[in-house]
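Each chain is listed here by its residues.
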Amino acid sequence: MEIKGVNLGNWLVLEKWMSPALFEGTTAEDEDHLPRQLSKEIYEARIRVHRSEYISERDFVSIKRMGMNAVRIPVPYFLFGDRAPFVGCIKELDQAFDWAEKYGLKVLIDLHTVPLSQNGFDNGGLCGVCRWSQTPEEVDFVLQVLEKLAIRYGQREALLGIEPVNEPITSPMWERMDVPNRYPAADPEQAAGSAPITLEFLQDFYRKAYDRMRPHMAEEKYVVFHDGFQMKVWKEFLTQPHFWNVMLDTHLYLMMAEQEGCPQTMEGYLAYIEEHYARDIREVQAYIPVICGEWCLFNSYVVGTDTRGGQSALNGMKFSGTKESLTPGQKKEIYQTLADAQLKAWSGGSGYFYWSYKLLLDTAGDPNWTGWDCWDLGRCVDEGWFPKNSFGPEGAQTDDS
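What counts and what doesn't
Residues numbered from 1 in each chain as written. Predicted model: local features only at pLDDT ≥ 70, side-chain atom pairs only at ≥ 80, totals over all residues. Heavy atoms only, no water. Core = buried A, V, L, I, M, F, W, Y, C linked by side-chain atoms within 4.5 Å. Buried < 20%, exposed > 50% of the residue type's maximum accessible area, 1.4 Å probe, protein only. Helix = DSSP H or I, 4+ residues; strand = E, 2+ residues; numbered from the N terminus. Contact = heavy atoms within 4.5 Å. Pairing = 2+ DSSP bridges. Arc of directions from axis to C-beta. 1 Å grid on protein atoms, 1.4 Å probe; cavity = no way out; pocket = protein on both sides within 12 Å on 5 of 7 lines; lining within 4 Å. Points joined across faces, edges and corners; volume = space filled by probe spheres on them. Nonpolar A, V, L, I, M, F, W, Y, C, P; charged D, E, K, R; others polar. Expected span 1.5 Å × (residues − 1). Axes fitted to C-alpha atoms, helices over the stretch in contact; angles between N-to-C directions. Parallel < 35°, antiparallel > 145°, perpendicular 65-115°, else oblique. Left-handed = near helix turned anticlockwise from the far one by under 90°.

## With respect to the nonpolar core
Membership of the largest hydrophobic core comes to 133 residues, with the highest contact counts inside it found for Phe-205 and Leu-297. The element best represented in this core is helix 4 (residues 136-153), accounting for nine residues. In contact with Leu-297, not counting residues within four places along its chain, are Leu-254, Tyr-335, Leu-338, Ala-339, Gln-342, Tyr-354, Cys-374, Cys-380, Trp-385 and Phe-386. Formed by eight residues, the second largest nonpolar core is a distinct cluster that contains Ala-70, Leu-108, Leu-160 and Met-247.

In structure tokens form, the structure reads like this:
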């Protein structure tokens, strides 16, 4: 099966930039600090309303109708409700599996956050802190969470696989992102000693996670390893006889290409996609299934200014002017061309998951969010930014759809 999927981002793991209203009345920049600045009653009410309204059964119908066959669901380390003050979300994940099985979708469970963070990103739940790998008791806690997930869902029809940890950051990306400055820690003492994760640690963790999960999972289910932003270093490790039905997840954004020197032009993007992303995907797919687990159409060319790797208003980025400089027709042509190129690149592997299904931003009324609307797959489909043949023969998009 070629995976054609979408991430249900900002549903069970919060990201402030995707839904700023959830953080109103606080100075919190991440999910870890949100409940520390709200009363227990207000925090829990906010979270429960958000989860019930952001994704529902109807969304699974819509995702299927778009032509998708899978969803990647980011979940937090506290999903079982055992880490106060956070609210667990295992009920919501159970519902997601019921909906997926009803409408014929597969589910990739993605453990998106861990205690003390695996990357220091806002999407890791704790800005500027990266100390999980240095804390053995928390590493063991995560292994317990993964085993419980495998026991609960390992035989479910809808399960595609389980991803032990999202975007563990290794040295190259830590330096490129300049994590401590891009995501300042609210508590410098808590951040003290933060550092990137070593490949040696990550390989040891992946082996332990695999050994804890595999006995509880049906043979055809995958254990999916994120590449730590180093796609081409895993051949020797992943081709060991020890592993059965494993898959590599790589995240390839145009804003990351810009950080690496890709010209912010259409010609530059198209050349980079073919010469780097497509080529690397084909090379890795030759020995292990590889998916692009996160990507989107976002780029600085449409925004109209260098976003310095996708920095937003929340990172202190301010855009000049009050209107978009491109006409709707120009924007559509750009996005369709980039969608075609990236989808062709991912077809050299085992598929993709778009980031993300939806977001709650005023991209029309706030010039600071110009060009960010393409992070919303529903918007991309409605606007025709995805070519109608992009979902392949299983797709439901037709001229009268």
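Still more ground to cover, so stick around.
## Some thoughts on the pairing of strand 6 (residues 246-251)
Counting buried positions along strand 6 gives six out of six residues, so the element sits mostly inside the fold. The two faces of strand 6 match: Val-246, Leu-248 and Thr-250 on one face and Met-247, Asp-249 and His-251 on the other face are all buried. The pairing of strand 5 (residues 222-226) with strand 6 spans four bridges and is classified as parallel. When the bridges of strand 6 are listed, Val-224 appears paired with Met-247. In this sheet, strand 7 (residues 290-294) lies alongside strand 6 in parallel orientation, the contact comprising four bridges.

## Remarks on the environment of Gly-193
Mapped onto the secondary structure, Gly-193 falls in the loop between helix 7 (188-191) and helix 8 (199-213). The class for Gly-193 is exposed, based on a relative accessible area of 51%. In this structure Gly-193 touches Arg-131 and Gln-134, once residues within four positions along its chain are discounted.

## A short note on helix 2 (residues 57-65)
Turning to helix 2, its buried residues number three or more, namely Asp-59, Phe-60 and Ile-63. One side of helix 2 holds all its buried residues, which, seen down the axis, span an arc of 100 degrees. The outward face of helix 2, more than 90 degrees from its buried face, is lined by the exposed residues Arg-58 and Arg-65. Considering only its buried residues, helix 2 is in contact with strand 1 (3-7), helix 1 (40-54), strand 2 (70-75) and helix 3 (90-103). Gly-67 occupies a position one or two residues after helix 2 and carries a positive phi of about 105 degrees.

## Quick look at the layout of surface pockets
Estimated volume of the largest pocket: approximately 550 Å³. The wall of the largest pocket is formed by 29 residues, among which Trp-17, Asp-122, Asn-123, Arg-182 and Tyr-183 lie closest to the centre. Listed by contribution, the elements that provide at least two residues to the lining of the largest pocket are helix 5 (171-177) and helix 10 (254-259). Here the lining of the largest pocket takes three residues from helix 10, the largest share from any one element. Residue classes in the lining of the largest pocket are distributed as 15 nonpolar, seven polar and seven charged.

## A few points about the environment of Val-290
Along the chain, the position of Val-290 falls in strand 7. The sequence separation of Val-290 and Glu-236 amounts to 54 residues, and the corresponding C-alpha distance is 15 Å. Excluding residues within four positions of it along the chain, Val-290 makes contact with Met-247, Leu-248, Thr-250, Ile-281, Val-284, Gln-285, Gly-349, Ser-350 and Gly-351.

## Section: helix 4
An α-helical turn contains 3.6 residues, so a residue and the one three or four places further along point in the same direction. With 18 residues, helix 4 ought to run about 26 Å at 1.5 Å a step, and its terminal C-alpha atoms sit 26 Å apart, in line with that. When helix 4 is considered as a whole, its buried residues turn out to be Glu-138, Val-139, Phe-141, Val-142, Leu-143, Val-145, Leu-146, Leu-149, Ala-150 and Tyr-153. Lining the buried residues of helix 4 we find helix 3, strand 3 (106-111), strand 4 (159-163) and helix 8.

## Section: the packing of helix 11 (residues 266-285) against helix 13 (residues 328-346)
Two elements in contact, helix 11 and helix 13, have axes separated by 8 Å at closest approach and are oriented at 15 degrees. Classed by the angle they form, the pair helix 11 and helix 13 counts as roughly parallel. In this structure, the crossing between helix 11 and helix 13 has a hand that is right-handed. Along its contact with helix 11, which presents Met-266, Tyr-269, Leu-270, Ile-273, Tyr-277, Ala-278 and Ile-281, the element helix 13 presents Ile-334, Thr-337, Leu-338, Ala-341, Gln-342, Ala-345 and Trp-346. The residue inventory of the contact of helix 11 with helix 13, partitioned by class, reads 12 nonpolar, two polar and no charged.

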